[in-house]
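The residues making up each chain are set out below.
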Amino acid sequence: MTTDDVVAALEAADRGRRAAVLRITPPFAGRMRARLHVEGSEGSYDETEPIHIQPRAFLPEEFPRFPGTGADTWRSLARDSLQEQIEIESCDGPLTVRVRYLG
């Protein structure tokens, strides 16, 4: 995924405009790319559903919400605060994955 995708999803979610997530689509492999996605806008899948990751999963818990002023500073801070490992839910329970950002 790109850093811009994560920041855009964070901003959209914090502003309450869209249910933006980062989506990983099957078939799953060791190296996958998550993409920005508006939750609920996909079709149906035969067997395996895509994984939707809330954008806040990529940041420390205490990271501030999108501000009314100082947006450029917030975006820069968000890019600098992205986590290298996150936890996602799987059918076998929580799974820790390593994240590499593009851009």
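Residues numbered from 1 in each chain as written. Predicted model: local features only at pLDDT ≥ 70, side-chain atom pairs only at ≥ 80, totals over all residues. Heavy atoms only, no water.

Asker: Go over the overall build of the protein, please, and point to the residues and values.
Answerer: When its secondary structure is counted, the protein shows 2 helices and 5 strands. Listed by position from the N terminus, the elements making up the protein come as α-β-β-β-α-β-β. In terms of C-alpha radius of gyration, the protein reaches 14 Å, essentially the compact-globule figure of 13 Å for 103 residues. Overall size of the protein, expressed as C-alpha extent along the three principal axes, is 45 × 25 × 25 Å. Within the protein, buried positions represent 33% of all 103 residues. For the protein, the proportion of contacts with a sequence separation of at least 24, taken over those separated by at least 6, is 49%. When the accessible surface of the protein is totalled, it reaches about 6,900 Å², and 46% of it is carbon and sulfur. The distance from the centre of the 13 positive side-chain charges to the centre of the 17 negative ones in the protein is 8 Å. (Helix = DSSP H or I, 4+ residues; strand = E, 2+ residues; numbered from the N terminus. Rg over C-alpha atoms; globule rule 2.2 N^0.38 Å. Buried < 20%, exposed > 50% of the residue type's maximum accessible area, 1.4 Å probe, protein only. Contact = heavy atoms within 4.5 Å. Areas by Shrake-Rupley, 256 points an atom, 1.4 Å probe, with all protein chains shown as cover. Lys, Arg positive; Asp, Glu negative; His and termini not counted. Charge placed at Lys NZ, Arg CZ, Asp CG, Glu CD.)

Asker: Describe the nonpolar core, listing the residues and the values that go with them.
Answerer: If you look at the biggest cluster of nonpolar residues, it comprises 22 residues, and the most contacted ones within it are Met1, Val6, Leu22, Ile53 and Phe58. Among the secondary structure elements, those contributing two or more residues to this core are helix 1 (3–15), strand 1 (20–24), helix 2 (71–81) and strand 4 (85–90). Looking at which element gives the most residues to this core, the answer is helix 1, with 5 residues. Residues in contact with Ile53, not counting those within four places in the same chain, are Val21, Leu22, Ile24, Phe58, Ile86 and Ile88. (Core = buried A, V, L, I, M, F, W, Y, C linked by side-chain atoms within 4.5 Å.)

Asker: Just give me the short version of the packing of helix 1 against helix 2, but keep the residues and values in it.
Answerer: At their nearest, the axes of helix 1 and helix 2 sit 10 Å apart, and the two run at 125 degrees to each other. Judged by the angle between their axes, helix 1 and helix 2 are oblique. Crossing handedness for the pair helix 1 and helix 2: right-handed. For the pair formed by helix 1 and helix 2, the contact residues are Thr3, Asp4, Val7, Leu10, Glu11, Asp14 and Arg15 on the first element and Trp74, Arg75, Ala78 and Arg79 on the second. Of the residues in the contact of helix 1 with helix 2, the class split is 4 nonpolar, 1 polar and 6 charged. (Axes fitted to C-alpha atoms, helices over the stretch in contact; angles between N-to-C directions. Parallel < 35°, antiparallel > 145°, perpendicular 65-115°, else oblique. Left-handed = near helix turned anticlockwise from the far one by under 90°. Nonpolar A, V, L, I, M, F, W, Y, C, P; charged D, E, K, R; others polar.)

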